[in-house]
Amino acid sequence: MADAARDVADRMAEAAAAWLDSLDAAQRRVAVGPPPRAGGAAGTGPEDHADADRTRWFYTPTDHGGLTFHQQRPAQHRSAMRLVASGLSDAGYVTVATVLGLENVLDHVEGFSVNWGRERTRDPGMYYLRVFGEPGGPGPWGWRFGGHHVSLNNLVVDGRVAATTPCFLGADPAASPLLGGSTLRPLGTAEDTARQLVRSLRPEAAARAVLLDRAPNDVVAGNSTRVGDRVIRRRELWRPGTHIPDRAEQPSTGLDGADRRALALTPTPKGLPGAELDPVQRELLRALLAAYLGRVPDGVSPLARYDDPAALDAVHLAWAGSTAPGEPHYYRLQGPRLLIEWTNVHRGVNHAHAVWRDPETDFGGDVLAAHHAAHHAAQHAAHRPAHQALHHANGK
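Residues numbered from 1 in each chain as written. Predicted model: local features only at pLDDT ≥ 70, side-chain atom pairs only at ≥ 80, totals over all residues. Heavy atoms only, no water.

Visitor: Go over the pattern of salt bridges, please, and point to the residues and values.
Guide: Scanning the model with the defined rule gives 22 salt bridges in all. Across the salt bridge formed by R214 and D259, the nearest N and O atoms sit 3.0 Å from each other. Taken together, the residues R214 in the loop between β10 (210–212) and α8 (257–263) and D259 in helix α8 connect sequence positions 45 residues apart. Owing to a relative accessible area of 23%, D259 belongs among the partly exposed residues under this scheme. (Salt bridge = Lys/Arg side-chain N within 4 Å of Asp/Glu carboxyl O. Helix = DSSP H or I, 4+ residues; strand = E, 2+ residues; numbered from the N terminus. Buried < 20%, exposed > 50% of the residue type's maximum accessible area, 1.4 Å probe, protein only.)

Visitor: Which residues make up the pairing of strand β12 (residues 316–321), and what values do they have?
Guide: Counting buried positions along β12 yields six of six residues, so the element is predominantly enclosed. The sheet contact formed by strand β11 (residues 272–273) and β12 spans two bridges and is antiparallel. Bridge assignment links L272 to a residue of β12, and that residue is L317. Examined bridge by bridge, β12 and strand β13 (residues 329–335) share six bridges and lie antiparallel to one another. (Pairing = 2+ DSSP bridges.)

Visitor: Hey, could you go over the packing of aromatic side chains for me, with residue numbers and the actual values?
Guide: For the structure on display, the rule yields nine aromatic pairs. Relative to Y59, the ring of W57 lies with its centre 5.8 Å away and its plane at 50 degrees, an arrangement referred to as tilted. Assessed through its relative accessible area of 0%, W57 is described here as buried. Overall, Y59 belongs to the buried group, its relative accessible area being 2%. (Phe/Tyr/Trp six-rings, centres within 6.5 Å; stacked < 30°, edge-to-face > 60°.)

Visitor: Explain empty space enclosed by the protein residue by residue, including any values.
Guide: Under the defined criterion, the tally for this structure stands at five cavities of 30 Å³ or more. There is about 130 Å³ of room inside the largest cavity. Lining the largest cavity are 14 residues; nearest its centre among them are V220, R230, V231, T253 and R260. For the lining of the largest cavity, the class distribution of residues is eight nonpolar, three polar and three charged. The space that makes up the second largest cavity amounts to roughly 50 Å³. Looking at the second largest cavity, the residues that line it are R54, F132, G142, W143, R144, N153, N154, L155, A163, T165 and F363. If you list the elements that add at least two residues to the lining of the second largest cavity, you get β4 (141–147) and β5 (150–157). (1 Å grid on protein atoms, 1.4 Å probe; cavity = no way out; pocket = protein on both sides within 12 Å on 5 of 7 lines; lining within 4 Å. Points joined across faces, edges and corners; volume = space filled by probe spheres on them. Nonpolar A, V, L, I, M, F, W, Y, C, P; charged D, E, K, R; others polar.)

Visitor: Hey, could you go over helix α4 (residues 74–86) for me, with residue numbers and the actual values?
Guide: Helix length check: α4 (13 residues) gives 19 Å between terminal C-alpha atoms against 18 Å at 1.5 Å per residue, within 8%. By the burial criterion, the buried members of α4 are Q76, S79, A80, M81, L83, V84 and S86. (Expected span 1.5 Å × (residues − 1).)

Visitor: Before we move on, can you summarise unusual backbone geometry with the specific residues and values?
Guide: Cis rather than trans, the peptide bond between T165 and P166 has omega equal to 0 degrees. Position of P166 relative to the elements: it lies in the loop between β6 (160–163) and β7 (167–171). Between D172 and the following residue, P173, the backbone shows a cis peptide bond with an omega angle of 5 degrees. Mapping P173 onto the fold places it in the loop between β7 and β8 (176–177). Phi angles above zero are rare outside glycine, and F112 is one such case at about 50 degrees. Position of F112 among the secondary structure elements: in the loop between α5 (90–109) and β3 (128–132). F112 sits in the exposed class, given a relative accessible area of 56%.

Visitor: How would you explain the packing of α4 against α5 if you had to name every residue and give the values?
Guide: Across the interface, α4 lies against α5 with an axial gap of 9 Å and an inter-helix angle of 135 degrees. Classified by the angle between their axes, α4 and α5 sit oblique to one another. As α4 packs across α5, the resulting crossing turns out to be right-handed. Residue-level inspection shows M81, V84 and A85 of α4 in contact with α5, the latter providing Y93, V96 and L100. Along the lines of polarity and charge, the residues of the contact of α4 with α5 split into six nonpolar, no polar and no charged. (Axes fitted to C-alpha atoms, helices over the stretch in contact; angles between N-to-C directions. Parallel < 35°, antiparallel > 145°, perpendicular 65-115°, else oblique. Left-handed = near helix turned anticlockwise from the far one by under 90°. Contact = heavy atoms within 4.5 Å.)

Visitor: Report on the side chain of Q334, specifying residues and quantitative values.
Guide: Along the chain, the position of Q334 falls in strand β13. Residue classification places Q334 among the buried residues on the basis of a relative accessible area of 9%. A polar atom in the side chain of Q334 sits 2.9 Å from the backbone oxygen of T266. Residues contacting Q334, with those up to four places away along its chain left out, are L265, T266, P267, P269, K270, A314, V315, H316 and L339. (Polar contact = N/O pair within 3.5 Å; in protein donor to acceptor, adjacent residues only side chain to side chain.)

Visitor: Give a detailed account of the packing of helix α6 (residues 188–199) against helix α9 (residues 279–293), specifying residues and quantitative values.
Guide: With their axes 9 Å apart at the nearest point, α6 and α9 run at an angle of 160 degrees to one another. Relative to α9, α6 is oriented roughly antiparallel. Between α6 and α9 the crossing geometry is left-handed. Facing α6, whose interface residues are T189, A190, T193, A194, Q196 and L197, α9 presents Q281, L284, L285, A287, L288, A291 and Y292. Tallied by class, the residues present in the contact of α6 with α9 amount to nine nonpolar, four polar and no charged.

Visitor: Mind laying out the pairing of β5, listing which residues take part and the relevant values?
Guide: For β5, the buried fraction is high: eight of the eight residues fall into the buried class. Judged by which residues are buried, β5 turns out to be covered on both faces: V150, L152, N154 and V156 on one side and S151, N153, L155 and V157 on the other are all buried. For β4 and β5, the ladder comprises seven bridges, and the chain directions are antiparallel. Within the sheet, the bridge partner assigned to R144 lies in β5 and is N153. Linking two consecutive strands that pair antiparallel, namely β4 and β5, is a turn of two residues; a positive phi of about 70 degrees is found at H149 within it. As paired elements, β5 and β7 share three bridges and run antiparallel to each other. Residue pairing for β7: S151 is matched across the bridge by F168. What sits between the antiparallel neighbours β5 and β6 is a turn of two residues, in which D158 has the positive phi angle 55 degrees.

Below you can see the structure in the form of structure tokens.
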């Protein structure tokens, strides 16, 4: 596993360096961010901590920070996609590429008429790439790729991939017609497997899994820097200064009062634990995990963790809304170092959001802290002999 994580990091570094080498000075000023730094939140806002740029993320069609496809020549755009591919499994890359292409489909669905104050609102060229630090260098480095319905966040520490979350994918439309009567559903497995699982539960188990009879408008954690119980407002889903839809001050989930409390994230997971599922249902749960954790290469995916029955036991399933196909619904999987959220509510239940997070180390915060602590301890130890020699030379 360690070697595989290093191999993935090497591929990322090679692709990132090639992309950066292709850019001119003006492009690099936009494409490169500061090296990842350890540091906790100094306040409650997303900008109040040491690594604010890298850990401020979005999944709406807003400025994600970095160099857009529009700002690159075709060869540079190709190199950017090579970097994106380095952090994904084959299936993950195909899914991301499909989500990018759905911007053209969504434009068509909306009659090519939506105008949010920029030249093109539904724009497959408005995806952003930024590299933080020096790829392959001695210090931590990372990269972020994002735009509408995509946010990929990767960190490399000590030559190994240390974090791949938050990892967000969405699809609008979630289902689109193809020739021959087929349907394009980039995230269809994540919806169908979860519904099959919840509908297979015995009535008493289903009553524990279903927390609310209505679905939230969006994933509960939103685009929070740290998973918690803070209410995310709709305006926070866009970078300040972006033209956004109305109702900006409402909770992004559309829930308040008792409904919000019913679905609020808590350190102790809500819902039904995997320990109470039968063998067939446990297989469905693991397949559902694979639909998310399989987005990244095997060498960095935590999916193998759930080969351990105790790990699967600790994963809780929670649902909100109807369990009938075609009805608004939400679910989440929560356990140690795991939060998966899904919602499909809007556009006639044809607009899906699906995010995978690690509440303990999104963006690799704990790994960075350990790296910097070890680095500073090594520096201190290296300086101590010289200091002691000077101390003795002075007769102290």
